[in-house]
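For reference, the chains in residue letters:
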Amino acid sequence: MTFETFYSQNFEDVLLARVFAEVSSGFYVDVGCQDEEKESVTKYFYMRGWRGINIDPMPDYIRQYVKRKRDISILCACGSADGEALLYPAESTGLSSLLASRAEYAQERVLATSTPVTTKVFTLNTILENNLKEFQEIYFLKIDVEGYELEVLKGIDLNTYRPKVILAETTEPDSCRLTSEHSRINDLLNTFAYEQVYFDGINTWWLAKEASALKARFSYPIGIHDGFNPYSIHSQLKALRSAKAESEARALALSSVCRELGEILDKNMLVQTKRRIDRLYRNGKKIVSSGFRHATEQLRRRRIYIDVTEFAKHDAKTGIQRVTRALCTDLLEHPPSDLDVVPVYFHKGYGWYTKCLHAFPHSDKNNYADEARKPIGIKPGDIFLGLDLTADIIPISRASLIRMKEKGLRICFIIYDLLPVRHPEWWPEGMGEVMENWAEVITEISNQVIAISKSVCDDYLCWCSEQNIQKPPKATWFHLGADLRNTLPTTGLPEDADLLIEAIGKNPSFLMVGTIEPRKGYRQSLLAAEVLWRKGVNANLVIAGKLGWMMDDFMATIQLHSELGVRLFFIDSPSDEFLEMIYKHCTVLLAASEGEGFGLPLIEAARHGMPCLVRDLPVFQEVADSSTTFFSGLETVDLADVMEAWLLSHGTKKAQPTPSWITWHESADQLLRGLAISRKT
């Protein structure tokens, strides 16, 4: 979540932002607009693309609105009839009024001048007739004219102009007591089919009958789930930045003086004095810079730093990187209620984690541009989520993470599986040691680990027991999603895509999805398919993935196979768009892997209503739905018999199983619940 700065005095713009959350370019009318920034009800909306009409009788205020190029700003008062009236100005306050009694109060309260001046008065009918485009819809009308609100409302025909929401100040000055005019205003608005729906202690809010669907949004007070920072914090940050600029200017001036003094000093006799002055200047500059950084870190919201180190370098389009894309994108689009989401990566050259501003389109590049390449700042309560798998990086970054943990950082890591530790023979030499080192480091420094399945969580706790780790970090688990929307899906089809899909559709097709690597069961599956082909069974074997490791001989067999392009199809690194087409035109997913942490293709197959033929791994039993058929055995004949039996029992028609998959948004919800983090609703 990025900083959401709101400007109004009593959080009126926060409530309006909730009411009109789906509106990106609405229209407002602000009577008594006052300061263009401080305590403004419309500043937030103008900055997000809205436009409107601003009305105030004080010239100093209206001059501020010149920079609002989309708005119309009018110097006048509003009333029940066109003409002129005496205005009792209270300079630099919001207490100017057409009522003499309010002028007396302003003078007593802030010693404000109340010498009356003549001002023009127009009705809202006149102003809207001359400035409102035909059929322009008004989303809200705000009135704050220090006791003259009823007269303003008498000057608008609410049968012709229908603001969805009207809010007006209806309390006595400096109190929550309603004015004697409140009931008369309510009666007037009732005659135009407006219902009172909220009172915020200063303003009363009315809702047009035709906008009654919005009424529920007024049913609870403004709170933390509205995700706002008040203007006071915004102004403090501005003051801090100004103080920093002033300090740097003084430091620069001091530097100039020091240099001048050094030139005057005798280089032979007073060189030590010059060095001391230089050292004092450098130390002073460090103190100024350090103090400013510390102050701004304490003012900002807490953050969840998401490690996307591998993804930031290169999207290898592996299953883990699909998870990284999906979850990080969803958390950026739908952030937690009290945390800003910031993707980060470890820079080996610098030796620290820094902001990742390029890998995700939803990251707020402008908000963090000045932090690029700098080490991430830590505020107590910040969270580090090791989402990407960076087994070679974590031991290097261990010292950096420990230092940040000592400053109050909570460290959490995602565990995809421990298969390289359990079966190093499935990976290139040394990978098992790398993963075991990674597991040892994250166990040492983490507050919590989150596995992608219960099976992986159980295996991790078992490994901790085997290593005699007395106090492992808290371990929880969640499940992965299946929809492609949040994975930043890749697009593009090969030139022969239609011919491939047509050829695949001629026979029942067993589909295998995943990187070509030893544990995935590709060798056994191809040999089993060859048994069926020799028997005259017309069934396809479709392999969609990219070449991984230790499988060059298998790929050579594929490329020289007599059935390639006939009943054997290899689709190298298909885009997400093409993979969707493949799922739709194949008959059954074949998952012959000998070890998995989750089994994302099973979930994606369920989303397409595709039945699955899978090895009886514990994790597959955990995530599979009722349409799944399990098999065991590592011999060719074991799988060939199962594939043939499946074809005989299911025929060529695709089954229609009841899917049990969840979306990536729901997966992210599970992850956040595991971290005890709430999401903005």
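What you see is a predicted model; the values in this text were computed from it and never measured.

### Re the environment of arginine 68
Step number 1: For arginine 68, the location among the structural elements is in the loop between helix H3 (59-64) and strand E3 (72-75).
Step number 2: Look at arginine 68 and you get buried, because its relative accessible area is 2%.
Step number 3: Remark: the alpha-carbon pair of arginine 68 and glutamate 36, spanning 32 residues in sequence, is separated by 9.2 Å.
Step number 4: Every residue in contact with arginine 68, bar those within four places of it in the chain, is listed here: Tyr28, Glu36, Ser40, Thr42, Lys43, Tyr46 and Asn54.
Step number 5: Looking at arginine 68, its side chain comes within polar contact range of the side chain of tyrosine 28, at 3.2 Å.
Step number 6: Of note is the side chain of arginine 68, whose polar atom sits 3.2 Å from the side chain of aspartate 71.

### A closer look at the nonpolar core
Step number 1: With 62 residues, the main nonpolar core has Ile414, Leu511 and Leu589 as its most contacted residues.
Step number 2: A per-element tally of this core places helix H11 (residues 319-333) first, with 6 residues.
Step number 3: In this structure, isoleucine 414 is in contact with Leu385, Gly386, Leu387, Trp438, Ile450, Ile452, Phe478 and Leu671, ignoring residues within four places of it in sequence.
Step number 4: Membership of the second largest hydrophobic core comes to 37 residues, among which are Ile53, Leu87, Ile156 and Tyr161.

### Overview of the packing of aromatic side chains
Step number 1: One pass over the structure, following the stated rule, counts 20 aromatic pairs.
Step number 2: A ring pair is formed by tryptophan 426 and tryptophan 427, whose centres lie 6.4 Å apart and whose planes are at 45°; its orientation type is tilted.
Step number 3: Residue classification places tryptophan 426 among the buried positions, given a relative accessible area of 10%.
Step number 4: A relative accessible area of 9% means that tryptophan 427 is categorised as buried.
Step number 5: In textbook terms, an aromatic cluster arises when at least three aromatic residues are bridged by ring pairs, as seen for Phe6, Phe20, Tyr28, Tyr44, Phe45, Trp50, Tyr139 and Phe140.
Step number 6: In this structure, arginine 70 is placed above the aromatic ring of tyrosine 46, and the distance from its NZ or CZ to the ring centre is 4.0 Å.

### Details of the environment of phenylalanine 346
Step number 1: Counting through the fold element by element, phenylalanine 346 comes out in strand E12 (residues 340-347).
Step number 2: In this structure, the C-alpha to C-alpha distance between phenylalanine 346 and serine 397, residues 51 residues apart in sequence, is 7.4 Å.
Step number 3: Setting aside chain neighbours within four positions, we find phenylalanine 346 in contact with Thr309, Gly351, Trp352, Tyr353, Ile393, Ile396 and Ser397.

### Observations concerning the sheet that holds strand E20 (residues 568-572)
Step number 1: Sheet architecture is open: 6 strands sit in the order E20-E19-E18-E21-E22-E23, paired in parallel fashion. Each edge of the open sheet carries a strand with a single partner, namely E20 and strand E23 (629-631). With strand direction ignored, the average angle separating the axes of adjacent strands in the sheet is 25°.
Step number 2: The pairing of strand E18 (residues 509-513) with strand E19 (residues 540-545) spans 5 bridges and is classified as parallel. The residue bridging phenylalanine 510 from the neighbouring strand is leucine 541, located in E19.
Step number 3: Packed onto the sheet, helix H20 (residues 576-585) meets E18, E19, E20 and strand E21 (588-591) and runs at close to 145° relative to E18.

### What about the pairing of E12?
Step number 1: Taking burial as the measure, the 8 residues of E12 include 7 buried ones, the bulk of the element.
Step number 2: Judged from the 5 bridges that link them, strand E11 (residues 303-307) and E12 form a sheet pairing that is parallel. Counted as the bridge partner of tyrosine 305 is valine 342 from E12.

### A word on helix H16 (residues 454-466)
Step number 1: Look at H16: 18 Å from first C-alpha to last across 13 residues, which is about the 18 Å you get at 1.5 Å a residue.
Step number 2: Those residues of H16 that sit buried are Val456, Cys457, Tyr460, Trp463 and Cys464. Mapping the buried residues of H16 onto a view down its axis gives an arc of 125°, with all of them on the same face.
Step number 3: Of the surrounding secondary structure, the elements contacted by the buried residues of H16 are strand E15 (410-415), helix H14 (419-422), helix H15 (431-445), strand E16 (448-451) and strand E17 (474-477).

### Some remarks on the pattern of salt bridges
Step number 1: Within this structure, the stated rule accounts for 29 salt bridges.
Step number 2: The salt bridge involving aspartate 459 is made with arginine 422; its shortest N-O contact spans 3.0 Å. Of this pair, aspartate 459 sits in helix H16 while arginine 422 sits in helix H14, and the two are 37 residues apart along the sequence.
Step number 3: Several salt bridges converge on common partners, so that one network encompasses Glu36, Glu37, Lys43, Lys67, Arg68 and Asp71.

### Section: the packing of helix H17 (residues 497-504) against H20
Step number 1: The interhelical angle for the contact between H17 and H20, taken along N-to-C directions, is 20°, at an axis separation of 10 Å. As the angle between them shows, H17 and H20 are arranged roughly parallel. At the point where H17 passes H20, the crossing takes the right-handed sense. On H20, the residues touching Ala497, Leu500, Ile501 and Ile504 of H17 are Phe578, Met581, Ile582 and His585.
Step number 2: Of the residues contributing to the contact of H17 with H20, the split by class is 7 nonpolar, 1 polar and no charged.

### Some remarks on the state of the cysteines
Step number 1: In the structure shown here, the tally under the stated rule is 0 disulfides.
Step number 2: Of the cysteine sulfurs around cysteine 33, a residue in no disulfide, the closest is that of cysteine 76, at 9.7 Å.

### Let's talk about the confidence of the model for the chain
Step number 1: Residues at a pLDDT of 70 or more form 83% of the chain, whose mean pLDDT is 85.
Step number 2: Taken together, the stretch residues 365-370 has pLDDT below 50 and engages in 11 contacts with residues farther than four places along the chain or on a different chain.

### Let's talk about the sheet that holds strand E1 (residues 27-31)
Step number 1: Strand order in the open sheet formed by 7 strands is E3-E2-E1-E7-E8-E10-E9, with mixed pairing between adjacent strands. Edge positions in the open sheet fall to E3 and strand E9 (194-199), since each of these has one partner strand only. Neighbouring strand axes in the sheet, compared pairwise and without regard to direction, differ in orientation by 15° on average.
Step number 2: Two strands pair when backbone bridges link them, and strand E7 (residues 140-143) and strand E8 (residues 165-169) are joined in this way by 4 bridges, in the parallel orientation. Paired with isoleucine 143 across the two strands is alanine 168, which belongs to E8.
Step number 3: Contacts from helix H5 (residues 124-131) reach E1, strand E2 (51-56), E3 and E7 within the one sheet, and its direction differs from that of E2 by about 140°.

What counts as what
- Residues numbered from 1 in each chain as written.
- Predicted model: local features only at pLDDT ≥ 70, side-chain atom pairs only at ≥ 80, totals over all residues.
- Heavy atoms only, no water.
- Helix = DSSP H or I, 4+ residues; strand = E, 2+ residues; numbered from the N terminus.
- Buried < 20%, exposed > 50% of the residue type's maximum accessible area, 1.4 Å probe, protein only.
- Contact = heavy atoms within 4.5 Å.
- Polar contact = N/O pair within 3.5 Å; in protein donor to acceptor, adjacent residues only side chain to side chain.
- Core = buried A, V, L, I, M, F, W, Y, C linked by side-chain atoms within 4.5 Å.
- Phe/Tyr/Trp six-rings, centres within 6.5 Å; stacked < 30°, edge-to-face > 60°.
- Lys NZ or Arg CZ within 6 Å of the ring centre and 35° of its normal.
- Pairing = 2+ DSSP bridges.
- Axes fitted to C-alpha atoms, helices over the stretch in contact; angles between N-to-C directions.
- Expected span 1.5 Å × (residues − 1).
- Arc of directions from axis to C-beta.
- Salt bridge = Lys/Arg side-chain N within 4 Å of Asp/Glu carboxyl O.
- Parallel < 35°, antiparallel > 145°, perpendicular 65-115°, else oblique.
- Left-handed = near helix turned anticlockwise from the far one by under 90°.
- Nonpolar A, V, L, I, M, F, W, Y, C, P; charged D, E, K, R; others polar.
- Disulfide = S-S within 2.5 Å.
- pLDDT = per-residue confidence, 0-100.

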